[in-house]
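Fold and contact review
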Amino acid sequence: MNQRLYTIVLITILTGSTIFILVYISRRPIENKHGFTRIFSKNGVKLIRSINVPHSLFIASGDKDTLYFHSEDPTYVLYTDTGLNSLKAIHIPVDSLKRQLVSGFRIHVNHPDLYLYAYNVANIICYNIHEKKLSFINTQHNYTNAVQINDTTFILKYFTGHLTDQTFCRLNTNTGAIKAANLLTESNLSGSGTLLYDLRHLTLAFVHHFSNSITIFDTAFCLLPTVHTIDTFTRYRANYLAHNQSAGNSILYKPGGNWMMINYLSQVYEGKIYVNSLVKADNETLIKNKHNTVIDVYDLLSGNYIESFYIPLRNGEALNSFNVSGKRLIVTDLTSVSIYQMP
Amino acid sequence: MTRKLIVDLPAVLLVMLFTYAALSKLLQYSMFQHQLGQSPFVADYASTVVWLVPLSELLIAALLIVPQTRLTGLYLSYAMMLSFTIYIYAMLHYSPFIPCACGGVLSQMNWNQHLIFNIIFTLISLTGIFLIPVKK
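Residues numbered from 1 in each chain as written. Chains lettered and ligands numbered in written order. Predicted model: local features only at pLDDT ≥ 70, side-chain atom pairs only at ≥ 80, totals over all residues. Heavy atoms only, no water.

Applied cut-off: UniProt positions are given in the numbering used here, feature names are shortened, and annotations may be inferred rather than shown by experiment.
As annotated in an unreviewed UniProt entry, chain B is Methylamine utilisation protein MauE domain-containing protein from Chitinophaga rhizophila. Listed under Subcellular location (unreviewed entry) in UniProt, the entry text for chain B is "Membrane".

Here it is as structure tokens:
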């Protein structure tokens, strides 16, 4: 029996050491100095209210009265008032598509319409919450990002069909016509990012995940000067491990060298871009960085860096999503939804 | 009879788990590969891990079925479940971002539920190791 005990202790040490080494190697680039500093807002965010939730939630939209969330299950959205008093569910009748959808989708609510961006099934699924009516908009190609710019138009970042090429296109839902922005084609990892739309300036921003570039253009695809986030990751550092297959759903990125995600989550609101950067600045400490995540604020049109502020990480968990609306900041993580007052 | 059932139960549960998990990963190969590619800890080794994990699970299941190799299978089960458990704990506490847990194996569970599930099966493996009679 002693021999079994020793074997178990040995296995435990070996297993723990292996995972420790993997974690250590993956965190090393984060803990390095990167040659830039942040300016922090004097006042931090103030927690207004927080609730625990049974599943990971992602913000689907928020207005002054109602907040909408979706989960990793595409068959429902949750909504609540801005006091987070009670979460109620709206069923989306896409059960038969669930298996295809779970690998990649996002939901945006523009009440009473709900848009399910079904990246891998080349459709935008529309659901009218009042009429309980489901409809499909064919996007012709699989896509990785979508935003609605008016009642009949979406801008997508889609696969052109040439291996990993992606570009932006404007989709008219009345005619089904797609107009591509051929000048914005990308065929590498810079294709991974978040597409945002600023209603106030009728301007789109594509925040790159793996480099410090933000591509800014208007709805006619006229490119504005490229903006850079304050970190020093001027180029993506990864290679494709596999190209997308005909179905377009099996892209895999192979990080190489000092790979790391730079700009994780982002949002645009009233002419400002809010970027949840994962890169530690030289004037931040590891401890501060471990208990908080940073949001960098930029002016959308000039690209100027304005300031940064921290969002506390509840239970040390990374953010799932965040949303700025007026002086209100809504944050979701693995187990909670929180509302903060902006600095 | 009852004692034999109790002794065999951990191995039976683990065989079911590993067989299901391995087949799910192999049947949803693209999804599993995609998920590994998103992981900050193993993305670098995704092309190896995508095969290594399901094949190891099948191998362990086979070792657990054969009475002569069951103890080895239980040791390896413990190593496998412990590594999954520590991996998820590390993901929750040391990863700068949490990849989507959607789709793939046991997709109905979130990360925390998965952690608890893995802890339970790690303990089941340990129990199995000590329940097998020592050969004299």
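Quick word on the overall build of chain A
As a reminder of what qualifies: Each helix is a run of H or I in the DSSP string that is no shorter than four residues. Each strand is a run of E no shorter than two, and both are numbered from the N terminus. The rule is simple: take the accessible area with a 1.4 Å probe, protein chains only, and divide by the maximum for that residue type; under 20% is buried, over 50% is exposed, in between is partly exposed. Only heavy atoms matter for contacts: two residues are in contact if any of them lie within 4.5 Å across the pair. Residue burial considers only the protein chains on display, and all accessible areas are found by Shrake-Rupley using a 1.4 Å probe.
Per the secondary structure count, chain A includes 3 helices and 26 strands. The proportion of buried residues among the 343 residues of chain A is 56%. If you take every contact in chain A between residues at least 6 apart in sequence, the share linking residues at least 24 apart comes to 44%. Carbon together with sulfur atoms contributes 52% to the accessible area of chain A, which is approximately 15300 Å² in total.

Structural notes on the confidence of the model for chain A
Inclusion rule: pLDDT expresses, on a scale from 0 to 100, how confident the predictor is about each individual residue.
Per-residue confidence for chain A gives a mean pLDDT of 84, with 86% of residues at or over 70. Here residues 239-258 of chain A scores under 50 on pLDDT; set against residues more than four positions off or in separate chains, the count is 55 contacts.

Section: a nonpolar patch on the surface
Basically, it comes down to this: Patches draw on residues past 30% relative accessible area with no salt bridge. Two like charges within 9 Å are joined, as are two nonpolar side chains (Val, Leu, Ile, Met, Phe, Trp, Tyr) within 5 Å. We count a salt bridge whenever a side-chain nitrogen from Lys or Arg sits within 4 Å of a carboxyl oxygen from Asp or Glu.
Where nonpolar side chains cluster on the molecular surface, the patch consists of Phe20, Ile21, Tyr24 and Ile25 of chain A together with Tyr45 of chain B and spans about 490 Å² of accessible area. Within the secondary structure layout, Ile25 of chain A lies in helix H1 (residues 2-31).

A look at the sheet that holds strand S24 (residues 319-325) of chain A
Residue and element names in this part refer to chain A. Cut-off, in case you're wondering: When DSSP finds at least two bridges between two strands, those strands are taken to pair. Here the axes come from fitting lines to C-alpha atoms, over the contacting stretch only for helices, and the angles between their N-to-C directions go from 0 to 180 degrees.
Spatial strand order, S1-S26-S25-S24: 4 strands in an open sheet with antiparallel pairing. Among the strands making up the open sheet, the edge pair consists of strand S1 (46-52) and S24. The sheet shows a mean angle of 15° between the axes of neighbouring strands, direction not considered. Inspection of the sheet shows S1 paired to strand S26 (residues 336-341) by 6 bridges, in the antiparallel sense. In the strand pairing of S26, Arg49 is matched with Ile339.

As for the packing of helix H1 (residues 2-27) of chain B against helix H3 (residues 46-65) of chain B
Residue and element names in this part refer to chain B. For clarity, the cut-off: These descriptions rest on fixed angle ranges, namely under 35 degrees for roughly parallel, over 145 for roughly antiparallel, 65 to 115 for roughly perpendicular, and the rest for oblique. Each helix crossing is assigned a hand: it is left-handed if the near helix lies turned anticlockwise from the far helix by less than a right angle, otherwise right-handed if that turn is clockwise. Polar here means any residue outside two lists: the nonpolar Ala, Val, Leu, Ile, Met, Phe, Trp, Tyr, Cys and Pro, and the charged Asp, Glu, Lys and Arg; Gly therefore counts as polar.
Two elements in contact, H1 and H3, have axes separated by 8 Å at closest approach and are oriented at 150°. Between H1 and H3, the crossing angle belongs to the class labelled roughly antiparallel. In this structure, H1 meets H3 at a crossing whose hand is left-handed. Every residue of H3 that contacts H1 at Ala11, Leu14, Val15, Phe18, Thr19, Ala21, Ala22, Lys25 and Leu26 is listed here: Trp51, Val53, Pro54, Glu57, Leu58, Ile60, Ala61, Leu64 and Ile65. Residues that form the contact of H1 with H3 fall into these classes: 15 nonpolar, 1 polar and 2 charged.

Comments concerning the interface of chain A and chain B
A common measure of how large an interface is: the accessible area buried when the components associate. Note the cut-off: In short, buried area is how much 1.4 Å probe accessible area vanishes from two parts on joining, totalled over both. Identification of polar contacts relies on pairs of N or O atoms within 3.5 Å, with a donor-acceptor requirement for protein atoms, meaning one able to donate a hydrogen and the other able to accept it, and with residues adjacent in sequence counted only if both atoms are side-chain atoms.
Facing 42 residues of chain A, the contacting portion of chain B comprises 45 residues. Taking both sides of the interface into account, the surface hidden between chain A and chain B amounts to around 3700 Å²; carbon and sulfur atoms contribute 65%. Linking chain A to chain B there are 0 salt bridges. At the boundary of chain A with chain B, the tally comes to 4 residue pairs in polar contact (both at pLDDT 80 or more). Among the elements of the structure, H1, helix H2 (98-101) and strand S19 (252-255) of chain A are those that each provide at least two residues to the side of chain A that touches chain B. Element by element, the count of residues in the side of chain A that touches chain B is highest for H1 of chain A, at 15 residues.

Let's talk about the sheet that holds strand S2 (residues 58-62) of chain A
Residues and elements named next belong to chain A. An order of S2-S3-S4-S5 is seen for the 4 strands of this open sheet, with the pairing classed as antiparallel. Unpaired on one side and paired on the other, S2 and strand S5 (88-91) mark the two borders of the sheet. Averaged over neighbouring strand pairs, the angle between their axes works out to 30° when direction is ignored.

A look at the pairing of S26 of chain A
All names here are of chain A. Burial analysis of S26 places 5 of its 6 residues in the buried class, which makes it a mostly covered element. Bridge count for strand S25 (residues 328-333) against S26 is 5 bridges, and the pairing is antiparallel. Residue pairing across strands places Thr332 opposite Val337, the latter belonging to S26. Between S25 and S26, which pair antiparallel one after the other, the connecting turn spans 2 residues.

What about the packing of aromatic side chains?
All names here are of chain A. Selection rule: Each aromatic pair joins two rings of Phe, Tyr and Trp (for Trp, the six-membered one) with centres within 6.5 Å, and gets the label stacked for planes under 30 degrees apart, edge-to-face for over 60, and tilted for any other angle.
Under the definition given, this model contains 12 aromatic pairs over all chains. Aromatic pair Phe168 and Phe206: ring centres 5.4 Å apart, planes at 75°, arrangement edge-to-face. Here the residue Phe168 occupies a position in strand S12 (residues 166-172), and Phe206 occupies one in strand S15 (residues 203-208), the gap between them amounting to 38 residues. Since its relative accessible area comes to 1%, Phe168 is described here as buried.

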